[in-house]
Amino acid sequence: IGVAPRGFEGTTLGAQPKVFVPISMRHEMQSYTNEMEVRRNYWAYLFARLRPGVSMEQAKASINAVYTPILSQVEAPLQKGMSDSTLKRFKAKLITLEDGRRGQSNLHTQTRTPLLLLMCITAIVLLIACANIANLLLARGAGRSMEMAVRLSLGATRGRIVAQLLTESILLALLGGIASLFVAKWTLAAMTALMPTDLSSDLQLSLSGTAIAFTGVLSIATGFFFGLFPALHSTRTELASVMRDAGGKQTGIKSAARFRTSLVTAQIALSMCLLMAAGLFVKSLKNVSGVDLGLKIDHVTTFSIEPVLNGYAPARSAVLFGRVKEELAALPGVTGVTTARVPLLANNNWGNSVRVEGYPHGPDIDNNSRFNEIGPDYFKVTGVPMVAGREFTIADGLGRPNVVIVNETFAKKFGLGRDAVGKRMSRGSDTLDMEIVGLARDSKYSDVKKAVPPVFFIPYRQDSTIGNNYFYVRSGLDPSAILRSVPGVIKKLDPNLPVADLRTLEQQVKENVFLDRMISTLSAAFAVLATLLAAIGLYGVLAYSVAQRTREIGVRMALGANGGSVQMMVMKQVGMMTLIGGVVGLAGALALGTAAKSLLYELKGYDPLVMGASVIVLTAVAFGAGYLPALKASRIDPMAALRHE
């Protein structure tokens with residue numbers, strides 16, 4: 001009945017709906033939400049526009065003047081099993097108002113820490129690159145010192161020459177900024193590849209005009225600030241000493257040498273910081289990858305269908321699910337097929353209050369559990385061992401006694417132990433109308449990194465409102481063959497029924513921990529880049545230093561110093577810079593690790609093994625970068641050096 005304006009994407013950040021329907025159609029659009037009339041359920045977000053001149057506080061007072069009586073007189077009597085203190089807190093609840101200009105989403109809080117971390121890592125790499133450029137500009141300026149001295153002596157103002165040198169450095173930075181846009185495009189493509197399909201399609205990572213403008217401003221700023229000292233140093237006003245030094249080939253001065261050394265030391269410190277951070281995230285990912293899921297995820301293909309949205313009645317849906325299972329089981333290589341209403345490891349949670357035989361119930365007692373509706377052979381297909389009892393069968397359908405299977409955590413929480421089979425329970429009602437027929441080994445439910453919650457399983461065939469299902473197909477063949485076959489199987493049964501979420505279970509697990517994989521991959525890549533840049537910077541400074549000290553080294557060797565002592569002199573300089581930079585970098589890495597602790601799995605903000613490995617890698621790289629200049633210095637011919645001077 002209408003078309004929304006271009007660019008409008010609803011009120012939820014991270015979601016990009018193409019169709020908007022009345023909120024009263026929720027059940028028609030999401031078949032698994034069948035409790036529209038249950039007032040104790042909450043799932044709607046309210047948006048309101050303030051009248052002109054009305055403050056947020058005034059609006060809050062007006063809303064709660066209406067809300068408080070509703071809560072006390074209508075909602076409070078509907079709450080069951082609350083203690084007096086809990087009911088009092090319930091009645092005291094107020095509606096809070098927040099600025100709605102950014103929409104309603106928890107994406108802000110979920111992405112704040114990882115995005116800040118990536119920004120910090122990016123800034124560190126930028127600083128290292130800029131330090132290298134500053135060193136190169138200093139070296140270039142030292143080579144042009146005679147030219148600058150002549151210009152100044154002929155009447156050129158220092159400001160004009162500084163402006164020329166800054167223009168050169170800013171132009172260099174802008175060229176780098178243009179090149180960075182291509183690198184950014186590739187990086188965004190890599191990030192998209194690491195994200196779940198749904199999230200990557202919603203976020204649609206791309207270069208915006210704002211990002212390009214920011215890149216331009218940042219390029220100009222870095223070109224200016226990191227080109228300023230080299231420009232000022234190249235135009236120092238001691239003309240006589242500059243010309244005299246230039247005639248004697250001594251183009252460097254101590255202040256410039258100290259500045260170059262300080263820049264390289266800072267690069268080493270920043271590289272150490274990134275190496276250790278990358279090591280922490282890689283080890284965290286290793287810990288995540290080593291989590292015992294309690295499942296066998298190999299050679300399992302999963303997908304979902306929701307026939308209720310195509311007009312199927314629940315009874316007809318149940319028949320279709322049975323036919324789909326039969327067709328899939330007949331595919332070559334398939335060894336098992338099962339279903340589940342709640343997809344495995346997809347961040348979906350269904351919970352319910354339960355009453356369990358022998359377990360107390362009453363106000364403020366935690367009797368909540370996660371649950372799932374599954375098909376026959378579920379535990380066999382997913383590779384979850386049964387500790388006691390049996391699995392569901394085709395006979396567990398409507399009109400048959402209600403049965404349930406629980407996991408070990410459920411049995412432990414509700415005091416059932418190993419004798420759970422035969423006990424009775426209910427989904428919140430006073431009548432214990434469900435018999436526990438099986439005890440299953442613990443397995444991950446919705447999240448790889450979270451602890452296994454208490455879970456009970458009921459047969460989907462005993463649900464009279466069934467409208468959707470996730471299928472799990474185990475085969476002895478390559479899962480890609482099943483992935484290609486599934487759409488044809490569904491099309492054969494109903495050409496108009498879409499297949500959703502088609503993937504392997506291994507892909508599903510990877511998507512569940514995509515953030516860990518993305519941060520580990522990007523931080524490792526940035527750490528390698530930073531270490532490479534630091535090595536190049538160290539090599540450049542040492543090579544330049546050796547070239548500047550050619551006469552000094554020639555004199556030393558003419559007076560009896562051998563090649564080994566000259567090498568040791570250069571490597572001692574490397575060792576001192578590495579030591580200072582490493583210590584400073586370790587302190588920064590500890591701070592960065594502490595800030596990113598929430599993103600690490602089974603790790604603190606530091607790890608001795610990662611710390612030791614980072615020190616070894618950086619030391620090896622630093623001494624490797626310093627070896628060639630040291631070797632070159634040890635091979636200087638004293639007579640040739642002195643004759644050249």
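Here goes a summary of the coordinates provided. Remember, predicted model here, so these are calculated numbers, not experimental data. Counting from 1, residues in each chain are numbered in the order their sequence is written. Given that this is a predicted model, residues contribute local features only at a pLDDT of at least 70 and side-chain atom pairs are listed and counted only at 80 or more, while totals for whole chains, interfaces and linings are drawn from all residues. With hydrogens and water set aside, each side-chain value is computed from the structure's full complement of heavy atoms.

Criterion for a salt bridge: a side-chain nitrogen of Lys or Arg within 4 Å of a carboxyl oxygen of Asp or Glu. Counted under the stated rule, the structure contains 13 salt bridges. We note a salt bridge from D430 to R355, for which the minimum N-O separation is 2.5 Å. Within this pair, whereas D430 is found in the loop between β8 (424-426) and β9 (434-440), its partner R355 is found in strand β4 (residues 355-356), the two being separated by 75 residues in sequence. Here the salt bridges do not stand alone but share partners, grouping R341, E373 and D463 into one network. Numbering of helices and strands starts at the N terminus; helices are DSSP runs of H or I of at least 4 residues and strands are runs of E of at least 2.

Turning next to unusual backbone geometry. In the Ramachandran plot, H299 falls in the positive-phi region, its phi being about 60° despite a non-glycine side chain. Topologically, H299 is positioned in the loop between α10 (254-289) and β1 (300-305). Judged by its relative accessible area of 31%, H299 falls in the partly exposed class. You will see that D377, though not glycine, has its phi angle at about 65°, which is positive. In this fold, D377 is placed in the loop between β5 (368-374) and α12 (378-382). Burial classes: relative accessible area under 20% of the type maximum marks a residue as buried, over 50% as exposed, and values in between as partly exposed (1.4 Å probe, protein chains only).

Here we take up the packing of aromatic side chains. Aromatic rings from Phe, Tyr and Trp, taking only the six-membered ring of Trp, are treated as a pair when their centres fall within 6.5 Å; an angle between ring planes under 30 degrees marks them as stacked, one over 60 as edge-to-face, and anything in between as tilted. Going through the model one piece at a time under the given rule, you end up with 13 aromatic pairs. Aromatic pair F379 and F457: ring centres 5.1 Å apart, planes at 85°, arrangement edge-to-face. Of this pair, F379 sits in helix α12 while F457 sits in strand β10 (residues 455-459), and the two are 78 residues apart along the sequence. F457 carries the same exposure label as F379, and that label is buried. Every member of this aromatic cluster is reached through a ring pair, and the members are W350, Y359, F371, F410, F414 and F456. Above the face of the Y312 ring, R316 is positioned so that its terminal group lies 3.7 Å from the ring centre. Charge over a ring is defined by NZ of Lys or CZ of Arg lying within 6 Å of the ring centre and within 35 degrees of the ring normal. Over the aromatic face of F371 sits the side chain of R427, whose NZ or CZ is 4.7 Å from the ring centroid.

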